[in-house]
Every structure is written in structure tokens, then in C-alpha cells.
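Descriptive structure summary
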Amino acid sequence: MEEDPLASLLEDESTTESTDGKRNSEDLQRLWRKAIHQQILLIRMEKENLKLEASRDELQSRKIKLDYDEVGLCQKEVLNLWDKMLNCRTKIRFDMEEIYATLKEGVSKSKRGEIWQFLSVQYRLRHRLPSKQQPPDTTYADLLKQLTAQQHAILVDLGRTFPTHSYFSTQLGAGQLSLYNLLKAYSLLDQEVGYCQGISFVAGVLLLHMSEQQAFEMLKFLMYDLGFRKQYRPDMISLQIQMYQLSRLLHDYHRDLYNHLEENEISPSLYAAPWFLTLFASQFPLGFVARVFDIIFVQGTEVIFKVAICLLGNNKEQIMACDNFESIVDFLKINIPDMTKDTMEKVITQVFEMDISKQLHAYEVEYHVINDEMLEASNSCDDAESFHKLEKANSQLKRQNMDLLEKLQVAHTKIQNLETNVETILSRESKMRNLIRSLEQEKSAYQRAVEQMRKYVPAHVLTDCELLLKDLNCSPNSKTKTGSKQ
Amino acid sequence: TSFSAVVLIGESGVGKTNLLSRFTRNEFNHDSRTTIGVEFSTRTLTLDGQLVKAQIWDTAGLERYRAITSAGAVGALLVYDITKHQSYDSIERWLKELYDHADASIIVMLVGNKSDLANETREVPFEEAKMYADSNGLLFIETSALDSTNVELAFETILRDIHRRVLKNKGEIPKDNTVVLSNQPNTGQSEGQTAEDKKSCCRNV
């Protein structure tokens, strides 16, 4: 292929020249040179073409990835604010209020991936995980080299994660391959959780906004720093606690709805399990999900509760109008995710204004207390079983205790650090005070010396000198120097 | 109308959700989502001249979701994929799990799904599965949610079995002819029983 233009070029030239009967080596050389130059040019153009194609591919894939309807408009001023924050190379702590206010104003989807990463950096500047809770240090590249025991489960879910989104819909296309890599790497990193259905949706949302490697870092952030991994543990106790918390919150905020659902035997686990396990990604429009993720990157797991309460509250009348088990569950699963854009914006605004952290904590404690009481009650019936249960409760408490101890330790070291900081600052302050005092003494000594010297200087020279001093207007040191010169 | 709760269990990806949608809505979805948690659908059909309302629970296939699955159901379809031996190998574990949590009298049907692929990629022989089912007291059938083969028959068979057993156990035919809803007081004894079943099914996440 590559030789063709060259060959034809040579042939043409040689035939024309042979008819003229003039064929010398110089001509041939010139021809060769020309041909080689053209060949080099061709190769260069091909390379450039590939580059162009690659960048076009990237743009194309970005376009495919970000193919969703945004919720809420991000005004130009807000974009500028984000740009200002994102362009800061060093890890500076930004004012949280400012970040939060900007977040409320909106996020543009083309910047979303960067903004999530920025928010994770900001979060980590404020909250550090105790070293025992941190993920292992293995790099993404190293994890990809290993084999996972969960391969089958992951493969089965590839085609069933965002099956209608064009980035993920092609069988073993770029999207599915990235998703596979990401899920495999995570399952190897977090051996306790491994792969759990639900994670693929979270990973998918991340992949739509950033590269595989970045998505891996952000998945680590969500799972470890924000604590989402707890709900995927094999015993799924954390999920049960969350269901209890949601039902109590519903009781607080919408008592009538709570009663209606209770009467119909509908517990949150019937409808809210996917909300928690996929962070709304499996059922809700992507624009809404992305907006929920925006807030999650700042506030963590409690966002899921807030969104859930708002969704249920906003649809209260329609849910109350459904009068049987099936119609209610159908409404919750089908109608609630099918929102208009205005409704989505309303929900997001509501979520920004809610604060439920105290209740969440209280209800978690309450869950444990109730559980313990139930354990006790059942203990009275059967001795062997009760012993077993007590043992289990005991080990659970021990674990809790250890966790608390660990937290205490972290707090202690933090306090110690702060105290040493205070000490050094205090000692520095007293040193400075001493320095200032001695400097002041020195200064007055110099002033006295100047006064004395002045007495020896003739009057006309003195005025000249003062003029000079005014011109210079410099430090006391040089003043004394000029003074002493006379 | 009498009421039955049936649960679909089995490994991830064997086609539980599509079996359900084929039976209740006559639909097959090529790009269906992974089931997270539990879902359910209902269909009312006539069996032995009586209306039976079937509430069918679809569950996530992942092992750690098993706690959610099956307590209280009166019937279970244990589904495997005839083209994946791995999904057949795990049925013993599923059975154990089921008998641990469900009523001992639960009726179980072993279902080999994806029979449309039998000629190309079958990995589990029909006879092997049939023998296993017979020796373990399970009903057995091969189905294809894709081309509808035997889907109707599978659900009808297990629902008819359940229905007959209920009638036999109660020694009477339900007199009431209204649809039983969980928030309405029940009149007939058998309906009281079935409402109980429904309450306890799939609620312990």
C-alpha cells in the first residue's frame, strides 16, 4: 500500500524519460529524494490523522458518556466560581460555606467529574480516616493484574448496569470493559465486601464523569471515607439499620404516611433497598442521580435519607390514595422515579435545606438498644441459644468498643498535637516579646546617642543633615550612621 | 379468589426477572437491569375453575441477599440456567437456604431456564436435573422466557399444586369471592392463612 504512490511516481518519470532517451543517475537520485520526502510526509500526515482521530474519539466518548438531561442550570458566574476553585493547584482548604453555596447554585456536567474530585480533596482535608479503616495501599494497575474470585458475578452484571445508556449498552464495549476493570479492582482491594450487586451502578455513574483510574479513586472515597461500604458487607446489618432509621424518620416527618404504609405492611426494605444500594442510580433519571451525587460528595450517606424523605413527602397524597399493598409498591417503584425536571429541582433544593444528622445518630443507637432488648427477651426461653446469643452480643459490643477506643485514640492524638501546637505558639510569642523589648531598649539607646552627637555638630551642618535624613527616610540604623559621619 | 405467594430464587443472571415478566406481562426484556433487593408482580388466573391471585416475588441472585428471600412463601421456583453448569451446581445451597427459612411444606419447582439455547450451549442434561428433582421431591420443568416455552405451564403447575394443597389442608373451599387485600379484615379461615403468608414473605431485610 505505502509503496504504491512511490512506484507509480517512479514508473511515470522513467517512461517519459526513456522516450526522451536521457536517463542519467542525477535525475534518478533527484527522483528518489523526492519520493522519500513524499513518503516521510505521508507517514507524518498519517500520524497526525491518528492523533486527530484519537482526540475526536475522546470528545465523542465524552459526549456519549455525558448523554443525560441536566437538572438545574449552572449559570456562568457559578461556572466561574467553580473554575476559580478547580484551578487552585495546591490543596488549600476552601471555606465550606462557600463550596456549599456554590454547589447549591449548580454544577455543569462537563465539570462534574473534576468537581467531585475537588470535593473529595476538601473532605479529606477536614476528615481523616483512622489508619485501621483505610483501604490497602495497592495501586490500581497492580490490582488489575490480579484475578478476582467474583469474576462471574461481575460479568453477569455488566450488561445489566445502565443497559439503556449508550456508553454501557454495547456488549464488551469501552463502557463495559471499564466497568469490569473498576469492579474487579475494587473487589480485590476490599476483600470483605468484594463485589455486591448495587456497586456496579455507583461505579457506572463515576465512569460517566471521569477516567477509569479517577473513578477508582472516587469509588474508594465513597466506600471508605464516606462509609458506603458498610452497607454492602456480607451480613448487611448496616442496611437493616438504615431501613430502621428511614422508617423512624418517616414517622417524624410524615406521620400519616408512615401509618398508611404500616397499615399496608410496607416496610422501607420493600422499596428503599435499591435507593441505598445504588444511591438512586438504578431507578432514577441520571440528571437527578448526578445531582444527588453532588451533595453526597459533601455530606455522605445521610443524603440518601434526605432524598428518600423528600420523595416520599412530596408524593404523600398520591401514596395515601393507593389503598392496597400492590398499588402502593407499584407507585413507589414506578411513579416516584418518573419525575418532571421541576420536581427534581424541588427535591434537590429541599435536600439542601434539611438537617437530620442528630436524628440519624439517635435512631442508630435506638436500633441497637431494641435489638439488645429483643435478644434478652428471646434469651429467657432457651438456655443454650441464649448463651450463644449473649456471646454474639458480647463480641458485637467488644467490636463496638474497639471501634470507639480507636476513635478515642485518634481524638487523643489530635488533642495532643493541638496542645503541642499551642505550646510552641506560646513560647514563640514570649520569645518575640523579649525580642521586641530588647529592640526597644536598643532603639532608645541609639536615640540617646544621636541626641548627644547632635550637640557636637555645628548648626548649619545640622540643617543640611536633617534635609538629607528626610530624603532618605530610612531605618534608625542608617540614621545613626549618617549622624555619626559628621 | 384465593391468594398465593411464590418466590423466584436462583443464581444471578439465570433469568428470574424475565420469567416473571413473561408470566405476568408477557414481556421479555433484552436489556433488563440487575435486580436489587426484591420486586414482585401479580397475576390472577383461573385454576380448576377458581380464580387464584398469584403474587410472585423476584429476588436478587447474589448470595448475601439470601436473607431477604423466602420466609413465608408457599411456593418457590428455584431457577438455574441450562447453559451454565455453575448455576446448577448451587441449587443444593439454595435448597438448604430455602428449607432453613421457609415453611417445611413449601412446594419447590426446579426450573431449567434458557431452553431456547439447548441445541447450542446446553451444559446441564435434562435427565440429570430431572433425576435430581425426582429424588428430592421437587417438581421439574425446562423453560425459555425468551420464546415463552413452558413459562405458563411452570407457573400454572406450581400454583395448581399449591392451590390443591391449600384446599386439601383446609378441607373446604373458600366461600368469599372478593380479592383479599392485606389491609382488609379476612373472613374465611384459609384466607386468614394466606394473608399471613403474604405478610411474612420477603419482609425481613
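Residues numbered from 1 in each chain as written. Chains lettered and ligands numbered in written order. Predicted model: local features only at pLDDT ≥ 70, side-chain atom pairs only at ≥ 80, totals over all residues. Heavy atoms only, no water.

Worth spelling out the cut-off: UniProt positions are given in the numbering used here, feature names are shortened, and annotations may be inferred rather than shown by experiment.
By the naming in an unreviewed UniProt entry, chain B goes by Ras-related protein Rab-25 and is assigned to Aquarana catesbeiana. We quote the UniProt Sequence similarities (unreviewed entry) comment for chain B here in full: "Belongs to the small GTPase superfamily. Rab family."

Under an unreviewed UniProt entry, the name given to chain A is TBC1 domain family member 4, and the source organism is Aquarana catesbeiana. As stated in UniProt under Subcellular location (unreviewed entry), the record for chain A gives "Cytoplasm".

1. Thoughts on the UniProt feature "domain: Rab-GAP TBC" (unreviewed entry) in chain A
Selection criterion: The numbering of helices and of strands both runs from the N terminus, where a helix is a DSSP run of H or I of at least 4 residues and a strand a run of E of at least 2.
As recorded in UniProt, the feature "domain: Rab-GAP TBC" (unreviewed entry) lies at residues 106-300 of chain A. In the segment residues 106-300 of chain A, helix accounts for 65% and strand for 0%; the C-alpha atoms at its two ends are 18 Å apart.

2. Points about helix α11 (residues 212-225) of chain A
Residues and elements named next belong to chain A. Definition in use: Each residue after the first adds 1.5 Å to the expected span of a helix. Exposure is judged per residue with a 1.4 Å probe applied to protein chains only, and the accessible area is read against the type maximum: over 50% gives exposed, under 20% gives buried, and values in between give partly exposed. Any two residues whose heavy atoms approach within 4.5 Å are treated as being in contact.
When the terminal C-alpha atoms of α11 are compared, their 19 Å separation across 14 residues agrees well with the 20 Å that a helix rising 1.5 Å per residue should span. Here α11 lies mainly inside the structure; ten of its 14 residues are buried. If you check which residues of α11 are buried, you get Ala 215, Phe 216, Met 218, Leu 219, Lys 220, Phe 221, Leu 222, Met 223, Tyr 224 and Asp 225. Buried residues in α11 make contact with α5 (109-126), α6 (140-145), α9 (174-189), α10 (199-209) and α16 (286-299). Gly 227 sits one or two positions beyond α11 and adopts a positive phi of about 85 degrees.

3. Some details on the UniProt feature "coiled-coil region" (unreviewed entry) in chain A
In the numbering used here, UniProt assigns the feature "coiled-coil region" (unreviewed entry) to residues 387-456 of chain A. Helix and strand shares over residues 387-456 of chain A are 100% and 0% respectively, and the end C-alpha atoms of the span are 103 Å apart.

4. What to know about the pairing of strand β4 (residues 75-81) of chain B
Residue and element names in this part refer to chain B. This is how it is decided: Any two strands with at least two DSSP-identified bridges between them are counted as paired.
Of all the seven residues making up β4, seven are buried; the element is thus mostly covered by neighbouring parts of the structure. Neither face of β4 is open: one carries Gly 75, Leu 77, Val 79 and Asp 81, the other Ala 76, Leu 78 and Tyr 80, and all of them are buried. Bridge count between strand β1 (residues 2-10) and β4: five bridges; the pairing is parallel. From the neighbouring strand, Ile 9 faces β4, where its bridge partner is Leu 78.

5. Here we look at the packing of helix α4 (residues 96-105) of chain A against α16(A)
Residues and elements named next belong to chain A. We count it as follows: Note on method: axes are straight lines fitted to C-alpha atoms, helices fitted across the in-contact stretch only, with angles between N-to-C directions ranging 0 to 180 degrees. Orientation is classified from the angle alone, with under 35 degrees giving roughly parallel, over 145 giving roughly antiparallel, 65 to 115 giving roughly perpendicular, and any other angle giving oblique. Residues are sorted three ways: Asp, Glu, Lys and Arg are charged, Ala, Val, Leu, Ile, Met, Phe, Trp, Tyr, Cys and Pro are nonpolar, and all the rest, Gly among them, are polar.
The contact between α4 and α16 brings their axes to 11 Å, and the two run at 170 degrees. What the angle tells us is that α4 and α16 run roughly antiparallel. On α16, the residues that touch Met 96, Tyr 100, Leu 103, Lys 104 and Glu 105 of α4 are Arg 291, Asp 294, Ile 295, Val 298 and Gln 299. Classifying every residue of the contact of α4 with α16 by side-chain character gives five nonpolar, one polar and four charged.

6. Topic: the nonpolar core
Soluble, globular proteins show a tendency: their nonpolar side chains are buried together. We count it as follows: Nonpolar cores are built from buried Ala, Val, Leu, Ile, Met, Phe, Trp, Tyr and Cys residues. Side-chain atoms within 4.5 Å join them into one set.
Ranked by size, the top nonpolar core spans 148 residues in total, and within it A:Leu206, A:Phe288, A:Phe293 and B:Leu110 carry the most contacts. With ten residues, α16(A) is the single largest residue contributor to this core. Excluding residues within four positions of it along the chain, B:Leu110 makes contact with B:Leu78, B:Tyr80, B:Ile91, B:Ala129, B:Tyr132, B:Ala133, B:Leu138, B:Leu139, B:Phe140 and B:Ile141. Counting residues in each nonpolar core, the second largest holds 24 residues, with B:Leu19, B:Ile141, B:Ala145 and B:Ala154 among its members.

7. Quick notes on the interface of chain A and chain B
Going by this rule: For this document, the term salt bridge refers to a Lys or Arg side-chain nitrogen within 4 Å of an Asp or Glu carboxyl oxygen.
At the interface, 39 residues of chain A touch 30 residues of chain B. Our enumeration of links across chain A and chain B arrives at two salt bridges. Among the salt bridges present, the one from A:Glu326 reaches B:Lys53, with a minimum N-O distance of 3.5 Å. In terms of residue class, the side of chain A that touches chain B is made up of 17 nonpolar, 14 polar and eight charged.

8. A short note on the sheet that holds β4(B)
Read from one edge of the open sheet, six strands run β2-β3-β1-β4-β5-β6 (chain B), paired in mixed fashion. Strands at the two margins of the open sheet, each flanked by one partner only, are β2 (38-47) and β6 (139-142) of chain B. Between one strand and the next, the sheet's axes are offset by a mean angle of 25 degrees, whatever the strand orientation. Across seven bridges, the pairing between β1(B) and strand β3 (residues 50-59) of chain B is parallel. Within β3(B), the position partnered with B:Ala5 by the bridge is B:Gln55. Against the sheet, helix α19 (residues 325-335) of chain A touches β2 and β3 of chain B, its axis set at about 140 degrees to β2(B). In this fold helix α3 (residues 91-101) of chain B packs onto β1, β4 and β5 (107-113) of chain B, with an angle of close to 165 degrees to the strand it touches most, β4(B).

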